[in-house]
Amino acid sequence: MFAAKDTLLTRPSGGGYQISRSLRFDSAASAYLNRTPSTTTNRTTWTWSGWVKRASFGSSQVLFGAGPDASNYTIFYFSGTVSENLEIYNYTGAVTTGYAYTTSVFRDPSAWYHVVLAVDTTQGTSADRTKIYVNNVLQPITISTTFGSSVNTWVNTNNSHRLGSTPTTSALYGGYMTEVNFIDGYQYTPSSFGETNADTGVWQPKAYSGSYGTNGFELNFSDNSNTTAATLGKDYSGNGNNFTPNNFSVTAGAGNDSLVDSPTSYGTDTGVGGEVRGNYCTLNPLYINGAGTPAYTNGNLDMLAGGTGDSYFGGTIPVSSGKWYYECLINAVGTGGTSILIGICKTSAPNGVNIGSYRSTSEIYNLDGTAQTAGATYAAGDTIGVAIDIDAGTVKFYKNNTGQGATPSFTFTAGTEVFVRGRSDSANPSATFNFGQRPFLYTAPSGFKALCTQNLPTPTIGATTATTANKFFDVSLWTGNGSSQSITNGGFQPDWVWTKTRSTVQDSRLVDVNRGVSQALFSQLTNVETTESTGITAFNSSGFSVGSGSSNGNGVTYVGWQWKGGGTGVSNTAGSITSTVSANTTSGFSVVTYTGTGSAATVGHGLGATPKMIIGRSRTNSGFNWGVWHTSLQSLYGNNAWIRLNTNGAYDTTFDVFDPQNNTSSVFGIGTEATMNANASNYVAYCFAPVAGYSAFGSYTGNGSTDGPFVFCGFRPRFVMMKRTDTSGTNWQMYDTSANPYNVTGNYQTANLSNVEEYYASIDILSNGFKLRNVDGGINGSANTYIFMAFAENPFKYSLAR
């Protein structure tokens, strides 16, 4: 049934379906594919499935459309005029005969989406007539104009059918597309085209094996020997319904639109580029990029910076270990200024001038901005190679394959990342990047790899069924019944549970394995530990139980955040104070209890890595604040900086609460202040060390815009908590994907208040971090400084766009 394909694209019967290539659609080049069926078939019932990776935003972009003219058409598209949702629109005789759209938005350019539109207008229920799925999730839809019973669409007529544009060549798509299946005469769910990976739990492609119907087709763009309908536009369904490509190129070099960027990862990297399959690095339009904000084209691989101020441009895949190589073809160094710089930058300072870089005027810089010896100048037509060795802390620059100057070095510490970065202080510089999604012009140095998810290291958490992130941290929602019930999670016995009501005003509760499930503390209060026999009553193998009390009020809705420690606490004598520790060194979390002395001391935490965040307070003394130490507070404000969890206050340096200079892989330091160390007072501390692909603890600066900062985490977050630090008046805000299954994410809890769950369309949770989407001063005030903690749903190596 199936014709020959790219030799690297296979259909194994046991799963592991491999997609060898994708096709890049450049809207600026008016790229699209078209076909006009010879036969009109089923206009009421059909399914479109495709894997797409978005590149540009802000305008309507059609994935699939059909019809004869501007008054008669059906289109399925991303709407960028108001939002970035998915819409299905049917227009007949200049009259809207059906219009529905998702309430969720899709503006993640860093990974792949699986999108399915399933239509059957003969369904008796109007909501069943058009169904949109993303990554196997049926999307909530707003029906603006009901598709009438058995109303005809323009799909499956003998009019132009297109991928990437309307029938009149408008609303052109900008991004990548592959494995497009169209089924004539059937309304299918995503299970016909994808399946859940048994190891990672992430949705992945599978081979469609059913009937296509007369006008059905499969396009995977695997034959890039030419740009004809019989090659690049070839139909692999067996029907011979080939599409004609328009304005695509498969010529080797920067203009090649046939790339190995794929939603399936496989292959071995030998350094030549265009080899391994997977999700590739591109430039990231979500970064805030300075005064001369760059414009991106050609699938976010081409950059043109406008204006005369500094412009910053960065990639979608930061890395924290290994050897990596990419190339940048200089199209123009710019005018009216001085130069363009190509190199790397730490994610902790994405818009800083201190980038390890090679400047067109010959200077080569260390990561701290200090100049090294000069290399050669470069200009339009030159290719700059960048070889990053994170383990050695060096970056080597090449001009047309000739090494340049001294090798800049940088200091790298665990828990940080280095990513592709460029800067320009001239007007209208332009460059084309290649991260390995096509062959390199020059072979990478030995051992250096393309920036692709296939080459990312296997994460400690997330690679197998036993180590998925929800085996270490999870979020549960439930509605109380006033009696008792068991609350389930992803499959682990928690050692710390933090619960809060969503629908009524009530104190949150924190219980842990060291203190016992009946001993509650309250994140917004300063009172002592309280015994609650009818609150949380047990930690179970897959969650916890609640009784008839405050965590299970009849009809009240709740959320519970849960962390896995090390089970029953054990004595730890690593510090000057003996502690009891329940530690999970895999996930970087521990529960620590100890008795204060009033003198500066160290306390064993059991993590095996230096903590980056500590939350703690007295269990036995009323009136004591919750103390929070965070690694970014130290770097921003000094060693004495800390902040209170139970207030909306700013950071404080007036009390000797923590002593981070004494933090090591075995102990954390505390000062003499009573918040964490009153004589004979009993304390609990929750300690966190970052784990790549699972947890992150950092800071960002707000900009007061709906186009707020992008914060890289290295994973698709399950939970994010942030707090403004530079002034008082803003609360601790907590977001999770249980309360927010779709973007934009707006439901949030407040750690320092007893209020109900609130809503403010605030952030997008993405495949590799989160993006601030509102001017709320609580999380994105202009020039305000924030700290955050985040935990994963999936590591970026495997995650899909959200």
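Quick caveat, the model's predicted, so the values are computed rather than measured.

Side note on the overall build of the protein chain
Piece 1. Along the protein chain, the regular secondary structure elements total three helices and 56 strands.
Piece 2. The C-alpha atoms of the protein chain give a radius of gyration of 28 Å, which matches the 28 Å a tight globule of 802 residues would have.
Piece 3. Each of the three principal axes of the protein chain carries a C-alpha extent, and together these read 85 × 70 × 45 Å.
Piece 4. Going through the 802 residues of the protein chain one by one, you find that 60% of them count as buried.
Piece 5. Put simply, 66% of the contacts in the protein chain that link residues at least 6 apart link residues at least 24 apart.

A look at the sheet that holds strand E42 (residues 589–595)
Piece 1. Taken in spatial order, the seven strands line up as E40-E41-E42-E48-E44-E45-E46 in an open sheet, and their pairing is antiparallel. Two strands bound the open sheet, and with one partner strand each, they are strand E40 (570–572) and strand E46 (643–644).

A few points about the packing of aromatic side chains
Piece 1. By the definition in use, this model includes 56 aromatic pairs.
Piece 2. A ring pair is formed by Tyr 358 and Phe 397, whose centres lie 5.8 Å apart and whose planes are at 45°; its orientation type is tilted. In this pair, Tyr 358 sits in strand E24 (residues 356–359) while Phe 397 sits in strand E27 (residues 394–399), placing the two residues 39 residues apart along the sequence.
Piece 3. The residue whose ring lies beneath Arg 43 is Trp 154, and the NZ or CZ to ring-centre distance is 4.9 Å.
Piece 4. Between the NZ or CZ atom of Lys 53 and the centre of the ring of Tyr 176, over which it lies, the distance is 5.5 Å.

A short note on the side chain of Thr 178
Piece 1. Tracing the backbone through its elements, the reader meets Thr 178 in strand E13 (residues 175–184).
Piece 2. A polar side-chain atom of Thr 178 sits 2.6 Å from the main-chain carbonyl oxygen of Arg 21.
Piece 3. Look past the residues within four positions of Thr 178 in its chain and what remains in contact with it is Ile 19, Arg 21, Ser 22, Gly 50, Trp 51, Trp 112, Leu 219, Asn 220, Phe 221 and Pro 263.

Comments concerning the sheet that holds strand E33 (residues 496–501)
Piece 1. Pairing within the open sheet is antiparallel, and its six strands lie in the order E31-E39-E33-E34-E35-E36. Two strands in the sheet have a free side with no partner beyond their single neighbour: strand E31 (473–479) and strand E36 (530–531).

Quick look at the nonpolar core
Piece 1. By size, the foremost hydrophobic cluster in this structure holds 79 residues, and its most contacted members are Trp 48, Leu 63, Ile 342 and Phe 433.
Piece 2. Look past the residues within four positions of Trp 48 in its chain and what remains in contact with it is Leu 63, Phe 64, Phe 76, Val 115, Val 116, Leu 117, Leu 163, Met 177, Val 180, Asn 181 and Phe 182.
Piece 3. Counting 54 residues, the second-largest nonpolar core is a separate cluster that includes Phe 473, Val 684, Cys 713 and Trp 732.

Considering the pairing of strand E48 (residues 682–688)
Piece 1. The buried fraction of E48 is high, at six of seven residues.
Piece 2. Across seven bridges, the pairing between E42 and E48 is antiparallel. Its bridge partner lying in E48, Val 592 is registered against Ala 685.
Piece 3. Summarising the sheet, strand E44 (residues 613–618) and E48 pair through six bridges and their orientation is antiparallel. Residue pairing for E48: Ile 615 is matched across the bridge by Tyr 686.

Topic: the pattern of salt bridges
Piece 1. This model, assessed by the stated rule, comprises 17 salt bridges.
Piece 2. Note that Arg 515 is salt-bridged to Asp 512, the shortest N-O span being 2.6 Å. Each member of the pair Arg 515 and Asp 512 is classed as buried.
Piece 3. For the salt bridge of Arg 724 with Asp 726, the shortest nitrogen-to-oxygen distance reads 2.7 Å.
Piece 4. You can call Asp 726 partly exposed: its relative accessible area is 29%.

Things to note about unusual backbone geometry
Piece 1. Between Asn 743 and the following residue, Val 744, the backbone shows a cis peptide bond with an omega angle of 5°.
Piece 2. Within the element layout of this structure, Val 744 appears in the loop between strand E52 (733–736) and strand E53 (745–750).
Piece 3. Of note, the phi angle at Ser 30 is positive, near 55°, even though the residue is not glycine.
Piece 4. Within the element layout of this structure, Ser 30 appears in the loop between strand E1 (22–25) and strand E2 (32–35).
Piece 5. Judged by relative accessible area, Ser 30 falls into the partly exposed class, the value being 27%.
Piece 6. Unusually for a residue other than glycine, Asn 400 sits at a positive phi of about 50°.
Piece 7. Mapped onto the fold, Asn 400 is located in the loop between E27 and strand E28 (402–403).

What about the environment of Val 505?
Piece 1. Along the chain, Val 505 turns up in the loop between E33 and strand E34 (509–512).
Piece 2. For Val 505, a relative accessible area of 64% corresponds to the exposed category.
Piece 3. Between the C-alpha atoms of Val 505 and Ser 754, which are 249 residues apart in sequence, the distance is 5.4 Å.
Piece 4. For Val 505, the residues in contact, after removing those within four places along its chain, are Ser 754, Asn 755 and Val 756.

Some thoughts on the confidence of the model for the protein chain
If pLDDT is low for a region, its predicted coordinates should not be looked at in detail.
Piece 1. In this model, the protein chain carries a mean pLDDT of 92, and residues with pLDDT of at least 70 account for 93%.
Piece 2. Below pLDDT 50 for its whole length, residues 1–15 participates in 41 contacts with residues either more than four positions away or in separate chains.

Remarks on the environment of Leu 86
Piece 1. Summarising the element assignment, Leu 86 is placed in strand E6 (residues 85–92).
Piece 2. Judged by relative accessible area, Leu 86 falls into the buried class, the value being 0%.
Piece 3. With 291 residues separating them in the primary sequence, Leu 86 and Thr 377 have C-alpha atoms 47 Å apart.
Piece 4. What Leu 86 contacts, discounting residues up to four positions off in sequence, is Leu 63, Phe 76, Tyr 77, Phe 78, Ala 100, Tyr 101, Thr 102, Phe 106, Val 115, Ile 132 and Val 134.

Notes on the side chain of Asn 300
Piece 1. Looking at the element boundaries, Asn 300 is found in the loop between strand E19 (294–297) and strand E20 (302–305).
Piece 2. A relative accessible area of 2% places Asn 300 in the buried class.
Piece 3. Here the side chain of Asn 300 touches Ala 55 through a polar contact of 2.9 Å, landing on its backbone oxygen.
Piece 4. Excluding its chain neighbours within four sequence positions, the residues that come into contact with Asn 300 are Arg 54, Ala 55, Pro 109, Thr 282, Leu 283 and Pro 285.

Brief notes about the pairing of E27
Piece 1. Pairing analysis gives six bridges linking strand E26 (residues 383–389) to E27, with the strands arranged antiparallel. Note that in E27 the partner of Gly 385 across the bridge is Tyr 398.
Piece 2. Here E27 runs beside E28; their pairing, made up of two bridges, is antiparallel. When the sheet's bridge partners are listed, Lys 399 is paired in E28 with Thr 402.
Piece 3. Taking the residues between adjacent antiparallel strands as the criterion, E27 and E28 are bridged by two residues, where Asn 400 takes a positive phi near 50°.

Section: the environment of Leu 510
Piece 1. Here Leu 510 lies in strand E34.
Piece 2. For Leu 510, a relative accessible area of 0% puts it in the buried group.
Piece 3. Counting along the chain gives 50 residues from Leu 510 to Gly 560, while the straight-line C-alpha distance between them is 9.6 Å.
Piece 4. Every residue in contact with Leu 510, bar those within four places of it in the chain, is listed here: Trp 496, Val 497, Trp 498, Arg 515, Gln 519, Ala 520, Leu 521, Phe 522, Ser 523, Trp 626 and Tyr 686.

Section: the state of the cysteines
Should the sulfur atoms of two cysteines be covalently bonded, the bond is a disulfide.
Piece 1. What the rule picks out here adds up to zero disulfides.
Piece 2. We note that Cys 328 lacks a disulfide partner, and the nearest cysteine sulfur, in Cys 281, lies 12 Å from it.

Conventions adopted
- Residues numbered from 1 in each chain as written.
- Predicted model: local features only at pLDDT ≥ 70, side-chain atom pairs only at ≥ 80, totals over all residues.
- Heavy atoms only, no water.
- Helix = DSSP H or I, 4+ residues; strand = E, 2+ residues; numbered from the N terminus.
- Rg over C-alpha atoms; globule rule 2.2 N^0.38 Å.
- Buried < 20%, exposed > 50% of the residue type's maximum accessible area, 1.4 Å probe, protein only.
- Contact = heavy atoms within 4.5 Å.
- Pairing = 2+ DSSP bridges.
- Phe/Tyr/Trp six-rings, centres within 6.5 Å; stacked < 30°, edge-to-face > 60°.
- Lys NZ or Arg CZ within 6 Å of the ring centre and 35° of its normal.
- Polar contact = N/O pair within 3.5 Å; in protein donor to acceptor, adjacent residues only side chain to side chain.
- Core = buried A, V, L, I, M, F, W, Y, C linked by side-chain atoms within 4.5 Å.
- Salt bridge = Lys/Arg side-chain N within 4 Å of Asp/Glu carboxyl O.
- pLDDT = per-residue confidence, 0-100.
- Disulfide = S-S within 2.5 Å.

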